[in-house]
Amino acid sequence: MASFGVPQSTLKEARNKLPPIRISSFLDPREPWVLVPNGSLQGFFDWVPENLRIGPWSAFAFPTMLFLIVSLYHFRPTDDDVDDYTAYYPNVYSKLWWYNITGFSFMCALVMYIAKYRSKGTIVTFTLVSWQVNMIRHGINALGPMLSDHHILLKLNHILRFPALMSASVTFTIWNFVLFPYFYFTKLETKEKQLNFLDFNFYFRMVQVHLCNIVYSVMNTLVAGSLPGRLNLVDEKKQVPPLLFDSEDLWYANAFIIGYGLFYVLILDRIGVHIYPIFSPRSNFVAATWLLVLILVYGFYWAWNWMMTNCWHVVTFEYSMVLNALITTMCYGISYSITKGRSSCDAAASSENNEDSTKKQT
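Predicted model only: the values in this text are computed from it and were never measured.

About the thresholds
Residues numbered from 1 in each chain as written. Predicted model: local features only at pLDDT ≥ 70, side-chain atom pairs only at ≥ 80, totals over all residues. Heavy atoms only, no water. Helix = DSSP H or I, 4+ residues; strand = E, 2+ residues; numbered from the N terminus. Buried < 20%, exposed > 50% of the residue type's maximum accessible area, 1.4 Å probe, protein only. Contact = heavy atoms within 4.5 Å. Areas by Shrake-Rupley, 256 points an atom, 1.4 Å probe, with all protein chains shown as cover. Salt bridge = Lys/Arg side-chain N within 4 Å of Asp/Glu carboxyl O. Expected span 1.5 Å × (residues − 1). Axes fitted to C-alpha atoms, helices over the stretch in contact; angles between N-to-C directions. Left-handed = near helix turned anticlockwise from the far one by under 90°. Nonpolar A, V, L, I, M, F, W, Y, C, P; charged D, E, K, R; others polar. Phe/Tyr/Trp six-rings, centres within 6.5 Å; stacked < 30°, edge-to-face > 60°. Lys NZ or Arg CZ within 6 Å of the ring centre and 35° of its normal. Patch = residues over 30% accessible without salt bridge, like charges linked within 9 Å, V, L, I, M, F, W, Y side chains within 5 Å.

Chemist: Go over the overall build of the chain, please, and point to the residues and values.
Modeler: A count of helices and strands for the chain gives 11 helices and zero strands. Helices (α) and strands (β) of the chain occur, in sequence order from the N terminus, as α-α-α-α-α-α-α-α-α-α-α. Taking all 362 residues of the chain together, 45% fall into the buried category. Considering only residue pairs separated by 6 or more positions, the chain has 76% of its internal contacts joining residues 24 or more positions apart. Entry remark: accessible area of the chain is about 19800 Å², with carbon and sulfur atoms responsible for 66%.

Chemist: Tell me what's going on with the pattern of salt bridges, and back it up with residues and numbers.
Modeler: Summed over all chains, the structure comprises five salt bridges. When the shortest N-O distance is used, the salt bridge between Glu 248 and Lys 155 registers 3.5 Å. Taken together, the residues span a long stretch of sequence, with Glu 248 in helix H9 (residues 247-268) and Lys 155 in helix H6 (residues 152-187) at a distance of 93 residues. Neither residue differs from the other here; Glu 248 and Lys 155 are each classed as buried.

Chemist: Before we move on, can you summarise helix H10 (residues 286-310) with the specific residues and values?
Modeler: Compared with the 36 Å implied by 1.5 Å per residue over 25 residues, the 36 Å span of H10 between its first and last C-alpha is a close match. Within the span of H10, buried status applies to Val 286, Thr 289, Trp 290, Val 293, Leu 294, Val 297, Phe 300, Tyr 301, Trp 304, Asn 305, Met 307 and Met 308. Elements in contact with the buried residues of H10: helix H3 (61-74), H6, helix H8 (204-223) and H9.

Chemist: Residue-level account of the packing of helix H4 (residues 95-118) against helix H5 (residues 126-143), with values.
Modeler: Axis separation between H4 and H5 bottoms out at 8 Å; the angle between their running directions is 145 degrees. Taken as a pair, H4 and H5 cross one another with a handedness that is left-handed. From H4, Trp 97, Tyr 99, Asn 100, Ile 101, Gly 103, Phe 104, Phe 106, Met 107, Cys 108, Leu 110, Val 111 and Ile 114 reach across to H5, where they touch Leu 128, Trp 131, Gln 132, Asn 134, Met 135, His 138, Gly 139, Asn 141 and Ala 142. Of the residues that constitute the contact of H4 with H5, the class distribution is 14 nonpolar, seven polar and no charged.

Chemist: Summarise the side chain of Asp 249; cite the residues concerned and give the values.
Modeler: With respect to the helices and strands, Asp 249 occurs in helix H9. The residues contacting Asp 249, other than those within four sequence positions of it, are His 158, Arg 161, Phe 162 and Leu 244.

Chemist: Give me the packing of aromatic side chains: which residues, what numbers.
Modeler: Taken as a whole and judged by the stated rule, the model has 32 aromatic pairs. When the ring of Phe 180 is compared with that of Phe 197, the centres are 5.5 Å apart and the planes differ by 15 degrees; the resulting orientation is stacked. Placement of Phe 180 in helix H6 and of Phe 197 in helix H7 (residues 191-201) is noted, with a sequence separation of 17 residues between them. Residue class for Phe 197 comes out buried when judged on its relative accessible area of 4%. Ring centres of Phe 279 and Trp 290 lie 5.2 Å apart, and the angle between their planes is 75 degrees; on these two criteria the pair is classed as edge-to-face. With Phe 279 in the loop between H9 and H10 and Trp 290 in helix H10, this pair connects stretches of sequence that are 11 residues apart. Accessibility classification places Phe 279 together with Trp 290 in one group, the buried group. These aromatic residues form a ring-pair network of at least three members: Phe 45, Trp 47, Trp 175, Phe 180, Tyr 182, Phe 183, Tyr 184, Phe 185, Phe 197, Phe 200 and Tyr 203. Across the ring face of Tyr 73, the terminal group of Arg 76 is positioned such that the distance to the ring centre comes to 4.1 Å. Just above the ring of Trp 33 sits the side chain of Arg 270; from NZ or CZ to the centre is 4.4 Å.

Chemist: Any details on unusual backbone geometry? Residues and values, ideally.
Modeler: The phi torsion at Gln 42 lies on the positive side, around 55 degrees, for a residue other than glycine. Relative to the elements of secondary structure, Gln 42 occurs in the loop between helix H2 (23-27) and H3. Owing to a relative accessible area of 33%, Gln 42 belongs among the partly exposed residues under this scheme. Here the phi dihedral of Tyr 93 falls at roughly 75 degrees; this positive angle occurs in a residue that is not glycine. Here Tyr 93 lies in the loop between H3 and H4. Under the relative-accessibility criterion, Tyr 93 is labelled exposed at 62%.

Chemist: Pulling in residues and values, what's your account of a nonpolar patch on the surface?
Modeler: On the surface, Val 92, Tyr 93, Trp 98, Leu 143 and Met 146 cluster together into a nonpolar patch covering about 530 Å² of accessible area. Mapped onto the elements of the fold, Leu 143 is located in helix H5. Looking at Leu 143, the relative accessible area reads 39%, which means it is partly exposed.

This is the structure we're talking about:
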């Protein structure tokens, strides 16, 4: 569960008051569907309209989900042939191989830090799931040249290729251009709350998962998949473009996003964690909202294929590293400025209060 700038003391107090929810609670038919009061975990999701948190499902919800599941099964990939995926992995000790090693270690360390020092619940958010999928791909990419052809990890890496890039694209787009402006301008009544929320979003870990994740995903998916001389037998120095995504990759991405939507409905909805109410089964527009999500997935499928066809040569290892460094440094500077500005305001307010107290005493 994201804290959205809520003080850690408040979060800890809320976690200590959580109702006794066990795995058996999800299986016991005697338990109500919504396992927390008012369908909002400790009141953190009261900003979500009540009709999306509690009450009966829309008549369109179950048919929509059933249709999507049946469609996934019907259109499932039937070709089990696995290409020689080792041809697309960086050589051991090359700069891209070291990048994958470093990227995996860093991403793994950030997940462990968040789980230990922030909230374990965040690892099931779509943002952190995307981060972990890209983390896994970095790790397998590093192992790739040492694995035999048709190894199960190579197949897994192939399956996750477009879901990793798609999920990072969804996170980057939806958080930065939809959710962030929505919370900032509509749910925060005071300048202080807006400043706290702004500061929270420029924390190092938030910048990494909401901004830099897409850079890491592009580097892992497109840059590491575009290796000199690996597929070009005429000119070994010529850069070879990465493989375009195909209908199989699109199916894996749709299965990924639908699977997460079902996880939201069957688990998170029941414990009042409404981080993505677009998946709510209580909305009368549930069929339209789920369809909108799938359209978004197809939009990224088309956009990235266009990118790899027309502009892939622009995406290089060096440019990506510089872009990532600029994003991280710029956001750190903004966070530092916000912190300093807040300290100055607090000092000025404290000084005024002291002067007023002195005047009253005299």
